[in-house]
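Below are the chains, spelled out letter by letter.
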2 protein chains.
Amino acid sequence: MEGKEKIGWIGTGVMGVPMAGHLMDAGYELAVYNHSKSKSGSLLSRGAKWASSPAEAAANSDIVFSIVGYPKDVEEITLGENGCLKTLKKSGIFCDMTTSSPELARRIAARAADLGCCSLDAPVTGGDVGARDASLSIFVGGDAAAYEKILPCLECMGKKILHCGGPGTGQAAKLANQIAVAGVMFSVCESLLFAQEEGLDVAKWRDLVCSGAAGSIAMTTLGLRMMKLDYSPGFFVDHFVKDLGLCLEECRKMRLVLPGAELAEELYRGIQARGGGSSGTQILISALAGLSGKKWRSHS
Amino acid sequence: MEGKEKIGWIGTGVMGVPMAGHLMDAGYELAVYNHSKSKSGSLLSRGAKWASSPAEAAANSDIVFSIVGYPKDVEEITLGENGCLKTLKKSGIFCDMTTSSPELARRIAARAADLGCCSLDAPVTGGDVGARDASLSIFVGGDAAAYEKILPCLECMGKKILHCGGPGTGQAAKLANQIAVAGVMFSVCESLLFAQEEGLDVAKWRDLVCSGAAGSIAMTTLGLRMMKLDYSPGFFVDHFVKDLGLCLEECRKMRLVLPGAELAEELYRGIQARGGGSSGTQILISALAGLSGKKWRSHS
């Protein structure tokens, strides 16, 4: 292949724009599709081509990346009427970076194989900050040779990249990560709330415990936001509800009971039902206080 | 006061022996009591005096420290028939380092004040390793002047020392710490178990997530022990059940509902009921697997 691969990019939200931007920085040519064109403006003004459908984004591309919202969006942009698998060349590689269902990832990979191309699942962690700093962690599932081919692209976007195994294993690894996040959210929120209700100096208490057996990255980072009543996202409740729902779907298929993850999904679904879906996940502390008719206060 | 204060030390278990040893290293004279004398052997052979009761340990002491098992033990060695408050001199200071009930700490402090002496609560975190390395964190509740007086002693045993407020606040701070620990245990155990059931390379997965939003000190330390099926204590299930019980007792008094802590207490009580009380708390992962009739396996 002469020069760099041509890239199709589907999804230009808060994650997609900086991630695609890193590929442009590295000299890749991009054809960009998003369901609302306006969000692609910054990439188009830097020279990315506009594609009017996922199929068009894939038509002249060697590799197509996507990062969209929900599994139904992933299904539509791949297997749908104008989906990218319709036009992706034989030997082309599709790589979905959305957090989505392992089962859907396997279904897309099977369809891609039928068509003579290849599909990888490669969801990320690290949030909008990681996307901007190119410091994401990336969990990749699917064919090893295809993984090796797109690795230079992934290295433009992330620092830690793990090939987890066959199709769907990237999604499974990401969902395991979200289960761990659910647990640390309980850890941080319940302990801070208990400390407040006991009348402790919550700020001093938090400083002390961050580095001990009770410590977590979330206690250090989100804990600080909670103390300022800063519920801005970081990571949306809506997206966490989606992710935890996918976790429980997997659990049901595997006949695995994880009571902590189930409790977390229930509480976050309640926050969403009460209109908090666009808050950051740290709003859990306010919801937990509300269970007892109490109020989480500022401690900064 | 000429020279160093004389110290009474009550409780020479796995924590008490190294902690008392640090005071001896610093040149303090100790009178030691333990309900079974044999466990005090190493301190007695280094020159500590044997006291045949808590009262005797306190009789000629300026400061009395205790670290025993359960709140009922704390009650007995302080307020009981041969309790140390019976003989502690006016202006003497009693300091209980057991993880115990805030309400009991306040009751002992009130009784001490009636008798013209002073009682502090000062539970610790950091486990047997922290006790040996003198790297404990210590949460202190009670009179500020008394705290200042015993601070040089506490600094022989711990690195991070926080005066939290009045009587009982040291215990409250420690219990908040245990609630945070309960959450991270869910985080680590449920995510590792999910990763295993998904057929992932659990060791590689864990390496990747330790430093991200899913990361915790427990994932780094206890997570590694779990992967080797090493359930040796660290921290006994029996003691964690005690601590979580105290947490829920406080929650009931404060009319505070913490569903994560309640779920943790329930699961750990189940482990205890099935004979696992003397295992380390990381055995939770095996119990969680058992909920679904599955088996946690070695991943090292």
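Figured I'd write up the structure that's included with this text.

Criteria and cut-off values
Residues numbered from 1 in each chain as written. Chains lettered and ligands numbered in written order. Predicted model: local features only at pLDDT ≥ 70, side-chain atom pairs only at ≥ 80, totals over all residues. Heavy atoms only, no water. Helix = DSSP H or I, 4+ residues; strand = E, 2+ residues; numbered from the N terminus. Rg over C-alpha atoms; globule rule 2.2 N^0.38 Å. Buried < 20%, exposed > 50% of the residue type's maximum accessible area, 1.4 Å probe, protein only. Contact = heavy atoms within 4.5 Å. Areas by Shrake-Rupley, 256 points an atom, 1.4 Å probe, with all protein chains shown as cover. Buried area = accessible area lost by both parts, 1.4 Å probe. Salt bridge = Lys/Arg side-chain N within 4 Å of Asp/Glu carboxyl O. Lys, Arg positive; Asp, Glu negative; His and termini not counted. Polar contact = N/O pair within 3.5 Å; in protein donor to acceptor, adjacent residues only side chain to side chain. Axes fitted to C-alpha atoms, helices over the stretch in contact; angles between N-to-C directions. Parallel < 35°, antiparallel > 145°, perpendicular 65-115°, else oblique. Left-handed = near helix turned anticlockwise from the far one by under 90°. Least-squares fit on C-alpha atoms with pLDDT ≥ 70 in both. Disulfide = S-S within 2.5 Å. Phe/Tyr/Trp six-rings, centres within 6.5 Å; stacked < 30°, edge-to-face > 60°. Lys NZ or Arg CZ within 6 Å of the ring centre and 35° of its normal.

## A closer look at the overall build of chain A
In step 1: For chain A, the helix and strand inventory stands at 14 helices and nine strands.
In step 2: Taken against the 2.2 N^0.38 rule, which gives 19 Å for 300 residues, the C-alpha radius of gyration of chain A at 20 Å falls within 12% of a compact globule.
In step 3: Looking at chain A as a whole, 60% of its 300 residues qualify as buried.
In step 4: Considering only residue pairs separated by 6 or more positions, chain A has 67% of its internal contacts joining residues 24 or more positions apart.
In step 5: With the model as given, the accessible surface of chain A reaches about 11500 Å², and the carbon-plus-sulfur share is 51%.

## A word on the interface of chain B and chain A
In step 1: Counting from both sides, the interface comprises 56 residues of chain B and, opposite them, 56 residues of chain A.
In step 2: The contact between chain B and chain A buries some 4700 Å² in all, and 71% of this surface belongs to carbon and sulfur atoms.
In step 3: Three residues stand out in chain B for area buried against chain A, namely E190, F194 and L208 of chain B, and they jointly supply 15% of the buried area on that side.
In step 4: The tally of links between chain B and chain A comes to zero salt bridges.

## Here's the deal with the side chain of K174 of chain B
Residue and element names in this part refer to chain B.
In step 1: The residue K174 is located in helix α8 (residues 169-197) in this model.
In step 2: Of the buried charged residues, K174 lacks a salt bridge, with D243 as the closest side chain of opposite charge at 4.4 Å.
In step 3: Only 2.8 Å separates the side chain of K174 from the backbone oxygen of V124, close enough to count as a polar contact.
In step 4: Residues within four places of K174 in sequence aside, it is in contact with T99, P123, V124, T125, F139 and D243.

## Some thoughts on the packing of α8 of chain B against helix α14 (residues 284-291) of chain B
Residues and elements named next belong to chain B.
In step 1: The geometry of α8 relative to α14 is characterised by a closest axis approach of 9 Å and an angle of 55 degrees between their N-to-C directions. Considered as vectors, α8 and α14 are oriented oblique to each other. Considering the relative orientation of α8 and α14, their crossing is right-handed. Here M185, F186, C189, E190, L192 and L193 of α8 lie close against α14, whose contacting residues are L284, I285, L288 and A289.

## Here's the deal with the relation of the copies chain B and chain A
In step 1: You can overlay chain B on chain A at an RMSD of 0.0 Å; the transform is a turn of 180 degrees with a shift of 0.0 Å along its axis. Here the two chains are linked by the operation of a two-fold rotation axis. By C-alpha distance to the rotation axis, the residue of chain B lying nearest is S216 of chain B, at 1.9 Å.
In step 2: With an isologous cut-off of 70% or more, the 100% of interface residues of chain B that recur at the interface of chain A puts this contact in the isologous class.

## Focus: the state of the cysteines
Residues and elements named next belong to chain A.
In step 1: For the structure on display, the rule yields zero disulfides over all chains.
In step 2: Of all cysteine sulfurs in the structure, the one in C117 sits closest to C118, which takes part in no disulfide; the separation is 7.6 Å.
In step 3: The cysteine C164 is free of any disulfide, with C95 supplying the nearest cysteine sulfur at 12 Å.

## Overview of the packing of aromatic side chains
Aromatic rings considered in pairs are described by the distance between their centres and by the relative angle of their planes.
In step 1: Inspection of the entire model under this criterion finds eight aromatic pairs over all chains.
In step 2: Each ring, one from F235 of chain A and one from F240 of chain A, has its centre 5.9 Å from the other, and the planes form 75 degrees; the classification is edge-to-face.
In step 3: A residue is classified by how much of its surface remains accessible, and F240 of chain A, at 1% relative accessible area, is buried.
In step 4: Seen from their ring centres, W9 of chain B and F65 of chain B are 5.6 Å apart, and the 35 degrees between their planes marks the pair as tilted. Highlighted residues: W9 of chain B in strand β1 (residues 6-10) and F65 of chain B in strand β4 (residues 63-66), separated in sequence by 56 residues. Both residues of the pair, W9 of chain B and F65 of chain B, count as buried.
In step 5: In textbook terms, an aromatic cluster arises when at least three aromatic residues are bridged by ring pairs, as seen for F235, F240 and Y268 of chain A.
In step 6: Sitting over the ring of Y28 of chain A, K4 of chain A keeps its end group 4.5 Å from the ring centre.
In step 7: Against the face of Y70 of chain A rests K242 of chain A, its NZ or CZ located 5.6 Å from the ring centre.

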